[in-house]
Amino acid sequence: MSYLRNPSFEAPDIAPWTRMNQAAAVQYKIWGTSDARSGGAVLVMSTSQMEGSVCQDFTATGPPPSISCFAWVRSASQSPVKGSLAIWDLGANRSVATRFTATPEWRLVTCTMDTAGSGPRQIRIEFYLRTINHELWVDSVNAF
């Protein structure tokens, strides 16, 4: 079961997803579309500054001492969109990231991180954009 809330963006409220890096430059919304990877909605995000991001924080408890995340991404147009999927262990102030180039076809992106300790860990899942002024669609994000 995923640690994330609203992982497929089916709830009308975008919370608990939030803008993080370059927050003022990031536009994001939930958009209903028949082209969603699953269900009927996607997260649409874009940025006017490099490395603008959208994230969600959660507390991971107990073993195993690792977090894996996967998400489906695609470009909203024929133009490729470059970005990365990152996992942050906030207590240890470290992260791992997987870079991707989204095309008009849905693509699965995965990332795994060994975390510090076996007790509760503060974790952040974050999508960064390196292509400015182009929309990225995100759907079916899961962290476990």
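As shown above, the structure is provided for reference.
A brief report on the enclosed structure follows. It should be emphasised that the depicted structure is a prediction, and the values quoted were computed from it without experimental measurement. (Residues numbered from 1 in each chain as written. Predicted model: local features only at pLDDT ≥ 70, side-chain atom pairs only at ≥ 80, totals over all residues. Heavy atoms only, no water.)

## Remarks on the packing of aromatic side chains
Short version of the rule: Planes of paired rings set the category: under 30 degrees apart is stacked, over 60 is edge-to-face and the rest tilted, where pairs are Phe, Tyr or Trp rings (Trp by its six-membered ring) whose centres lie within 6.5 Å. Elements are defined by DSSP. Helices are runs of H or I of four residues or more, strands are runs of E of two residues or more, and each kind is numbered from the N terminus. Only protein chains enter the area calculation, which uses a 1.4 Å probe; residues under 20% of their type maximum are buried, those over 50% are exposed, and those in between are partly exposed.
Tallied over the entire structure, the rule returns six aromatic pairs. On the basis of an interplanar angle of 45° and a centroid distance of 6.4 Å, the ring pair of tryptophan 17 and phenylalanine 127 is categorised as tilted. With tryptophan 17 in the segment before β1 (18-19) and phenylalanine 127 in strand β9 (residues 121-129), this residue pair connects regions lying 110 residues apart in the sequence. The two residues tryptophan 17 and phenylalanine 127 agree in class, both being buried. Through pairs of rings, three or more aromatic residues link up here, namely Phe9, Trp17 and Phe127.

## Re the state of the cysteines
Here is the rule: Disulfide: a pair of cysteine sulfur atoms within 2.5 Å of each other.
For the structure on display, the rule yields zero disulfides. Cysteine 55 forms no disulfide, and the closest cysteine sulfur to it belongs to cysteine 69, at a distance of 12 Å. Cysteine 111 carries a free sulfur, and the closest cysteine sulfur to it, the one in cysteine 69, is 7.2 Å from it. Among the residues examined, cysteine 111 registers a relative accessible area of 5% and is labelled buried.

## Section: the nonpolar core
Stated precisely, the cut-off is as follows: Throughout, nonpolar core names a set of buried Ala, Val, Leu, Ile, Met, Phe, Trp, Tyr and Cys residues whose side chains join them through atoms within 4.5 Å. We call two residues in contact when some of their heavy atoms are within 4.5 Å.
Membership of the largest hydrophobic core comes to 30 residues, with the highest contact counts inside it found for Ile125, Phe127, Leu136, Val138 and Val141. Elements supplying a minimum of two residues to this core: β3 (41-47), β4 (52-60), β5 (66-75), β6 (81-89), β7 (94-102), β8 (107-114), β9 and β10 (136-143). Those residues in contact with phenylalanine 127 that lie beyond four places of it in its chain are Trp17, Met45, Gly52, Ser53, Val54, Ala71, Val73, Ser84, Leu85, Val138 and Val141.

## Details of the side chain of serine 53
The criterion, for reference: Counting of polar contacts relies on pairs of N or O atoms within 3.5 Å, with two restrictions inside protein: one atom must be capable of donating a hydrogen and the other of accepting it, and residues adjacent in sequence are counted only when both atoms are side-chain atoms.
Turning to its location among the elements, serine 53 is positioned in strand β4. Relative accessible area serves as the criterion here: at 0%, serine 53 is assigned to the buried category. Within the structure, the side chain of serine 53 is placed 2.8 Å from the backbone nitrogen of asparagine 21, a separation counted as a polar contact. For serine 53, the side chain forms a polar contact with the side chain of glutamate 126, separated by 2.5 Å. Aside from chain neighbours lying at most four places away, what touches serine 53 is Thr18, Arg19, Met20, Asn21, Val26, Met45, Glu126, Phe127 and Tyr128.

## Quick look at the sheet that holds β8
Note the following rule: By the convention used here, strands pair only if DSSP detects at least 2 bridges between them. Comment: axis = line fitted to C-alpha atoms, over the contacting stretch for helices; angle = value between 0 and 180 degrees taken between N-to-C directions.
Strand order in the open sheet formed by five strands is β2-β3-β10-β5-β8, and the pairing between neighbours is antiparallel. Both outer strands of the open sheet, β2 (26-32) and β8, are each paired with one neighbouring strand and no more. If you compare each strand with its neighbour and ignore which way they point, the axes differ by 30° on average. Inspection of the sheet shows β5 paired to β8 by eight bridges, in the antiparallel sense. Directly across from tryptophan 72, in β8, lies its bridge partner leucine 108.

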